[in-house]
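Close look at the chain arrangement
One letter stands for each residue in the lines below.
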Amino acid sequence: MSKKISRREILGFAASGLAGGALLLNRGGEAQAQTAPGSSRGSVRQRWEKSYSGGRLDVKPMPPGLPGKDYRPVTIPNGAALPFKINGGVKVFHLIAEEVDHAFDAGLRAKCWGFNGRVNATVLEAVEGERVRIYVTNRLPVATAIHWHGFYLPNGMDGVGGLTQPYIKPGETVKYEWTLRQHGTLMYHAHHDEMTQMGMGMIGMFVVHPRNPAPEQFVERDFALLLSEWVIEAGTARPNTLKMNDANILTINGKVFPSTAPLIARTGDKVRLRVGNLSAMSHHPLHIHGHHFRITATDGEAIPLSAQWPETTALIGVGQTRDLEFIADAPGDWALHCHMTHHVMNQMGHQFPNLVGMKPGGLEERVRPLLPAYMTMGHEGMDMGRMAEVMPMPKNTISMKGKAGPFGDYISMGGMMTLLKVRDSLPSYDQDPGWYQHPAGTVALKASDAELRRDGIEVGANAANPAPDHSSHR
Ligand SMILES: [Cu+2]
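Residues numbered from 1 in each chain as written. Predicted model: local features only at pLDDT ≥ 70, side-chain atom pairs only at ≥ 80, totals over all residues. Heavy atoms only, no water.

1. Things to note about the sheet that holds strand 9 (residues 184-190)
Here we have 5 strands laid out as an open sheet, ordered 1-5-10-9-7, and mixed in their pairing. Two strands bound the open sheet, and with one partner strand each, they are strand 1 (80-81) and strand 7 (146-149). (Pairing = 2+ DSSP bridges. Helix = DSSP H or I, 4+ residues; strand = E, 2+ residues; numbered from the N terminus.)

2. Here we look at the layout of surface pockets
Reported here for the second largest pocket is a volume of approximately 590 Å³. Lining the second largest pocket are 36 residues, with E216, Q217, F218, R272 and E325 positioned closest to its centre. At the level of secondary structure, the elements contributing two or more residues to the lining of the second largest pocket comprise strand 10 (203-209), strand 14 (269-277), strand 16 (293-298) and strand 19 (321-328). Ranked by residues supplied to the lining of the second largest pocket, first place goes to strand 16 with 5 residues. For the lining of the second largest pocket, the per-class residue count stands at 17 nonpolar, 8 polar and 11 charged. (1 Å grid on protein atoms, 1.4 Å probe; cavity = no way out; pocket = protein on both sides within 12 Å on 5 of 7 lines; lining within 4 Å. Points joined across faces, edges and corners; volume = space filled by probe spheres on them. Nonpolar A, V, L, I, M, F, W, Y, C, P; charged D, E, K, R; others polar.)

3. Examining the coordination of the copper ion
The protein atoms that coordinate the copper ion are H284 (ND1), C338 (SG) and H343 (ND1), at distances spanning 2.0 to 2.1 Å. Mapping the donors of the copper ion onto the primary sequence yields the spacing H-x53-C-x4-H. What makes C338 buried here is its relative accessible area of 1%. (Donors = N, O, S within 2.8 Å, 3.2 Å for Na, K, Ca; no water. Buried < 20%, exposed > 50% of the residue type's maximum accessible area, 1.4 Å probe, protein only.)

4. Some details on the pattern of salt bridges
Tallied over the entire structure, the rule returns 18 salt bridges. As a salt-bridge pair, R131 and E177 come within 2.8 Å of each other at their nearest N and O atoms. One end of the pair, R131, is in strand 6 (residues 131-138); the other, E177, is in strand 8 (residues 173-179), and 46 residues separate them in sequence. We classify E177 as buried; its relative accessible area is 13%. Of the charged contacts, one joins K270 and E325 as a salt bridge, the two residues approaching to 3.4 Å between their closest N and O atoms. Note that K270 is positioned in strand 14 and E325 in strand 19, a separation of 55 residues in sequence. In this structure E325 comes out as buried when scored by relative accessible area, which is 11%. Each member of the salt-bridge network shares a partner with another, and the members are D222, K270, R272, R274, D323 and E325. (Salt bridge = Lys/Arg side-chain N within 4 Å of Asp/Glu carboxyl O.)

5. Some remarks on the packing of aromatic side chains
Considering all chains together, one arrives at 10 aromatic pairs under this definition. Both rings, one in F115 and one in Y188, keep their centres 5.2 Å apart while their planes meet at 65°; by these two values the pair is edge-to-face. Of the two residues, F115 sits in strand 4 (residues 108-115) while Y188 sits in strand 9, which places them 73 residues apart along the sequence. Across the pair, exposure class does not vary: F115 and Y188 are buried alike. An angle of 55° between the planes, with centres 6.4 Å apart, marks the rings of W178 and F206 as tilted. (Phe/Tyr/Trp six-rings, centres within 6.5 Å; stacked < 30°, edge-to-face > 60°.)

Spatial relationships are all this shows, so hold off on functional conclusions.
This is the structure we're talking about:
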């Protein structure tokens, strides 16, 4: 991958660029240019082809790769890999498109469209070089087609309804089959009436492991996370796919925080986040706390080490995947979330005036005889995680944000957010280790009078409340 490029090759590359330009003007001269004396266009072109194309379509398939032997399966928070069987050297999957009564959170369900009983969280997993045969059964009331997003494949397997194949009509089962000539974090989704069908949940990830991974591709923890957005109005039972810009449910693998399963790692583990975004209308800048990651791959290909760059926020555009890798070297409970502040809210309504700074006075007392449950909202900002407890909620809704955290206070985020839990020792990756126990003296707590005096900080009011005891908070 990191073969040094010689001065001659650079010169040859430049020359071939010129030759390529000339070829555009002079079609049919390609063979002549390739054999022109002194030109290294042939070898440069080969290098391009290796990384810019899938190569020959009629490649001979390799034996099917097996989990634990040929690859380490990805971890799918709140989801599962689609089972497969092997028949005659081909890996056979059966994907079932169907309606799913899906729980975004304990308090919010909707009738969505998904695959094999899950929404956004059924992952196909395979190995570079093998041949896959994927039966898609349509149990929906409408026709569909399934597109394999980012794949090198024969045109007729591309899954664009009406363009590359007839629709998969209700009740029908269609067969897709091709040989995987690539590896990477890829996706699949409905490609017929996309706005409706993808908006109803017909999206998923398709992870293709490398046949011969390079040493730097090895990780201890390998997570698949698919981002999406929904419009579910309070009290309704189905996503509204007609709304363009009012997404009010932002999900990772079909769940909102606090129902997103945490990502669990041991201190020192190398972690890969395979993040895909098949939202309707939103790009998501995914942000990690306490660590820096490197962007090591896109849905196109692995990025060479020399070209990877460090980030704490990676923009995952609609239709893109990014592999983000880091060493989980900092024990703790770290937030991993979309940095769009409206994307870490649940069922946020946007048709409100800004009431921050307003003095509600006796408003509640005056309105309550008319509306017994009335509560003025917004004058202290939207930090009202406790609202769900103090206010009756409409049927089938969730609190806009919040979950009681380790200190008793609410974590004022919901939506596209999860936790990275890094621990020095873990009984198992499959068991939530609970809240992080901070070593003494490592939590930001209310300053004591002695500390304030020591550093000459004049505040006065801080003395009114003694610093609380946070020594035990599990
Ligand atoms: Cu976002």
